[in-house]
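A look at the structure
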Amino acid sequence: MSTSGVVQQQQQHQQQQQQQKQQQQYYDNDNNDGITINDDAADYCLDMCNDIIQSPSWKMLSRGKSFYPNLSTIEIACGLDALVQGTRVAVAIIQQQHHVSSSSSSLSSSSLDNKNEYTRLMFMRNIDNAIEFLQWSQDRIPKDSKVGYGGLGYGGFVVMEQRLDVTGHALSAISKLLKFLQEEEEEEEQIMILT
């Protein structure tokens with residue numbers, strides 16, 4: 001083999017080693033990315049939930065019953081489902097931060113706790129508003145209605161049809177909320193027992 005062939009082979013070998021080293025660094029970082037992916041997913045979930053409560057419909061919802069006729073049940077029911085999940089995420093972040101801060105003390109964890117607790121409380125307030133609206137909406141359907149009675153209709157002031165998807169989202173959200181609240185209560189009881 002010629003000298004140029006040997007040099008070329010060595011260069012190729014070095015390039016392959018460099019690529020393998022870069023890939024290994026990428027995958028080594030990726031092993032830690034489980035945390036990063038979780039953090040990114042949690043941040044994205046909370047951002048979406050914040051977008052929901054900042055939307056025009058949800059701002060109207062927070063203004064009270066006089067604005068209810070302007071709202072669509074489907075948007076509120078789907079948003080409710082999302083907010084319940086977002087609340088679970090906010091609580092999970094708070095718990096994770098408590099776990100991390102108990103192993104190391106830092107001032108910034110306190111401000112993060114406050115921010116996430118505020119987020120959780122804000123989501124819970126909007127969840128209460130949504131449930132109140134959905135009850136109001138359901139009560140607006142006359143019992144002798146031709147569209148049926150018992151589920152949630154599509155619309156706000158005038159309900160022309162019942163929608164199983166709207167009812168399903170609302171029931172899914174409320175079921176998840178009840179399970180979440182029960183888990184929170186059980187955790188608080190465990191903490192009380194331990195202290």
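Residues numbered from 1 in each chain as written. Predicted model: local features only at pLDDT ≥ 70, side-chain atom pairs only at ≥ 80, totals over all residues. Heavy atoms only, no water.

Section: the overall build of the protein
We count it as follows: The helix and strand labels rest on DSSP assignments: H or I over at least four residues marks a helix, E over at least two residues marks a strand, and numbering proceeds from the N terminus. For the exposure calls, accessible area comes from a 1.4 Å probe over protein chains only, and a residue counts as buried if that area is under 20% of its type's maximum, exposed if over 50%, partly exposed in between. In what follows, residue pairs with any heavy atoms lying within 4.5 Å of each other are defined as contacts.
A tally of regular secondary structure across the protein gives five helices and zero strands. For the protein, the residues scored as buried account for 30% of the 195 residues in total. For the protein, the share of sequence-separated contacts (at least 6 apart) that also reach a separation of at least 24 residues comes to 63%.

Thoughts on the confidence of the model for the protein
Under the convention used in this document: Confidence scores per residue from the predictor, reported as pLDDT, run from 0 to 100.
Mean pLDDT for the protein: 80, with 75% of residues reaching 70 or above. Least confident of the elements in the protein is helix 1 (residues 3-54), whose mean pLDDT is 74; most confident is helix 2 (residues 56-62), at 94.

Brief notes about a negative patch on the surface
Note the threshold: Like charges are joined within 9 Å and nonpolar side chains (Val, Leu, Ile, Met, Phe, Trp, Tyr) within 5 Å, but only among residues with over 30% relative accessible area and no salt bridge; these make up the patches. Each accessible area is a Shrake-Rupley estimate made with a 1.4 Å probe; only the visible protein chains count as cover when residues are assessed. Here, a salt bridge means any Lys or Arg side-chain nitrogen found within 4 Å of an Asp or Glu carboxyl oxygen. The sign given to each residue is positive for Lys and Arg and negative for Asp and Glu; His and the chain ends receive no count. Positions of charges follow a simple convention, taking NZ of Lys, CZ of Arg, CG of Asp or CD of Glu.
A contiguous patch of negative charge on the surface is contributed by Asp39, Asp40, Asp43, Asp47 and Asp51. By relative accessible area, which is 32% here, Asp39 ends up partly exposed.

Considerations on the nonpolar core
The following threshold applies: Residues grouped as a nonpolar core are buried Ala, Val, Leu, Ile, Met, Phe, Trp, Tyr and Cys residues, joined through side-chain atoms within 4.5 Å.
In terms of nonpolar packing, the biggest core is built from 33 residues, with Trp58, Leu61, Leu80, Ile127, Phe133 and Leu134 touching the most fellow members. Looking at this core, the elements with two or more residues in it are helix 1, helix 2, helix 3 (73-103), helix 4 (107-139) and helix 5 (164-194). Sorting elements by how many residues they give to this core places helix 4 first, with nine residues. Setting aside its immediate chain neighbours within four residues, Trp58 contacts Ile52, Ile53, Glu75, Ile76, Gly79, Leu80, Leu83, Asn126 and Ala130.

Observations regarding the pattern of salt bridges
Counting across every chain of the model gives four salt bridges. With a shortest N-O distance of 2.9 Å, Glu117 and Arg120 are connected by a salt bridge. Linking Glu117 with Arg120, this pair stays in helix 4, spanning three residues, or about one helical turn. Taking the relative accessible area as the measure of exposure, Arg120 reaches 15% and is therefore buried. With a closest N to O distance of 3.9 Å, Glu184 and Arg120 form a salt bridge. With Glu184 in helix 5 and Arg120 in helix 4, this residue pair connects regions lying 64 residues apart in the sequence. If you follow the salt bridges from partner to partner, you end up with Glu117, Arg120 and Glu184 in one network.

Topic: the packing of aromatic side chains
Threshold: Pairs were defined over the aromatic rings of Phe, Tyr and Trp, the Trp ring being its six-membered one, requiring ring centres within 6.5 Å. Orientation was assigned from the angle between planes: stacked under 30 degrees, edge-to-face over 60, tilted for the rest.
Under the defined criterion, the tally for this structure stands at three aromatic pairs. Between Tyr68 and Phe133, the ring centres sit 5.2 Å apart and the planes meet at 85°, which makes this aromatic pair edge-to-face. In this pair, Tyr68 sits in the loop between helix 2 and helix 3 while Phe133 sits in helix 4, placing the two residues 65 residues apart along the sequence. You'll find Tyr68 and Phe133 in the same group, each marked buried. Seen in terms of ring centroids, Tyr68 and Trp136 are 5.2 Å apart; in terms of plane orientation they differ by 65°. Their pairing is edge-to-face.

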